[in-house]
Amino acid sequence: VVAVSLKNNALAGLHAAHELCDEAGRPLGLVHRDVSPQNILVGDDGVSRILDFGVAKATGRARETQNGEVKGKLSYMAPEYLQGRDVSPQTDVYAAGVVLWEVMTNKRLFAGETEGQIVTMVLAGKVPSPLASMLASGSRTLPELDMMELEGLDRVVMKALARDPESRYRSALEMAMDLAQTIAPAKAADVAAWVRSTAHEVLDSRALMIQDFQSRAESPAELLRHVKSGHK
């Protein structure tokens, strides 16, 4: 399943970030804090990557901006983060659970007209089962999965979205492993084929742009001559 493969790659990236150490071997305690669909990018090699660590937090660094506003997207923030408590890898696991919930249902989990409404919904901690929401709407966003697989996916999502961080997966890797055991991820080659079939127009346009740029680019020798002449 392409969606499971994309999610597993992103979780592996998160785990690698969480395990980062400094030059002395001390854990940095890095937490992304902005895991969302916009920050998960899949390449034409069939591998997805977690991007934008611009608001990531390392141990000992400020959790808030100078004016006191939390960083990230409210709809993907864990309750403890919104409450100003310490963040941890489980905070990113929660956000990953929100993304997976939305993949299953094809709709937003926490959608409100105002930021206050979204915060209230997250803090209330009442997360509906994605499978129940999907069946209630009559939609099948993952038609390739049978009911047993959907139930397994539902279980993974609900564990990731536990209100208490200690009740979630202990790490992004643990979540990825459980997800892979529940549903076999698609191979990178199959994901790459899906990317090409889905975004072929964009990929073709990009290839033409690169080709045009390369055709206009000067050779290293010509570039060096121009640089030297500019210094005379």
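Provided above is the structure to which this section pertains.
First, a word on what this report is: a plain description of the structure on this page. (Residues numbered from 1 in each chain as written. Predicted model: local features only at pLDDT ≥ 70, side-chain atom pairs only at ≥ 80, totals over all residues. Heavy atoms only, no water.)

### Some points on the overall build of the protein chain
Along the protein chain, the regular secondary structure elements total ten helices and two strands. Ordered by position from the N terminus, the helices and strands of the protein chain form the series α-β-β-α-α-α-α-α-α-α-α-α. Here the protein chain, with 232 residues, has 40% of them falling under the buried criterion. In the protein chain, the proportion of contacts linking residues at least 24 apart, taken out of those at least 6 apart, comes to 65%. Approximately 13200 Å² of the protein chain is accessible, and the part contributed by carbon and sulfur atoms is 55%. (Helix = DSSP H or I, 4+ residues; strand = E, 2+ residues; numbered from the N terminus. Buried < 20%, exposed > 50% of the residue type's maximum accessible area, 1.4 Å probe, protein only. Contact = heavy atoms within 4.5 Å. Areas by Shrake-Rupley, 256 points an atom, 1.4 Å probe, with all protein chains shown as cover.)

### Considering the nonpolar core
Within the largest apolar cluster, 46 residues are counted, with the highest numbers of intra-cluster contacts made by Leu11, Phe110, Leu153, Leu161 and Met175. Counting residues per element, this core draws most heavily on helix α3 (residues 89-105), which supplies nine residues. Setting aside its immediate chain neighbours within four residues, Leu161 contacts Tyr94, Gly97, Val98, Trp101, Leu109 and Val127. (Core = buried A, V, L, I, M, F, W, Y, C linked by side-chain atoms within 4.5 Å.)

### Thoughts on helix α5 (residues 130-137)
Counting along an α-helix, one turn takes 3.6 residues, and residues three or four places apart therefore face a common direction. All buried positions along α5 are accounted for by Pro130, Leu131, Ser133 and Met134. Taken end-on, α5 shows its buried residues confined to a sector of 165 degrees, consistent with a single buried face. Check the buried side of α5 and you find it contacts α3 and α6 (147-160). Once α5 ends, the next one or two residues include Gly138, with phi positive near 75 degrees. (Arc of directions from axis to C-beta.)

### Description of the environment of His18
Assignment of secondary structure puts His18 in helix α1 (residues 2-18). On the basis of relative accessible area, His18 is assigned to the buried category, the value being 9%. Residues His18 and Gly29, spaced eleven residues apart in sequence, show a C-alpha to C-alpha distance of 6.2 Å. Of the polar contacts made by the side chain of His18, one reaches the side chain of Asp92; its length is 2.7 Å. (Polar contact = N/O pair within 3.5 Å; in protein donor to acceptor, adjacent residues only side chain to side chain.)

### A closer look at the side chain of Ser48
The residue Ser48 is located in strand β2 (residues 48-50) in this model. Polar contacts involving the side chain of Ser48 include one to the main-chain carbonyl oxygen of Leu6, which spans 2.5 Å. Excluding its chain neighbours within four sequence positions, the residues that come into contact with Ser48 are Ser5, Leu6, Asn9, Ala10, Ile40, Leu41 and Val42.

### A look at the layout of surface pockets
For the largest pocket, the calculated volume is near 330 Å³. Taken together, 15 residues line the largest pocket, and the ones lying closest to its centre are Leu6, Pro37, Ile40, Val99 and Val103. Breaking the lining of the largest pocket down by element, the ones donating at least two residues are α1, β1 (40-42) and α3. Among the elements that take part in the lining of the largest pocket, α3 stands out by supplying four residues, more than any other. Of the residues that constitute the lining of the largest pocket, the class distribution is eleven nonpolar, one polar and three charged. Size it by volume and the second largest pocket reaches roughly 210 Å³. Together, Leu41, Val42, Gly43, Asp44, Trp194, Val195, Thr198, Ala199, Val202, Leu203 and Arg206 line the second largest pocket. If you list the elements that add at least two residues to the lining of the second largest pocket, you get β1, α8 (188-198) and α9 (200-216). (1 Å grid on protein atoms, 1.4 Å probe; cavity = no way out; pocket = protein on both sides within 12 Å on 5 of 7 lines; lining within 4 Å. Points joined across faces, edges and corners; volume = space filled by probe spheres on them. Nonpolar A, V, L, I, M, F, W, Y, C, P; charged D, E, K, R; others polar.)

That is the geometry; function is a separate question.
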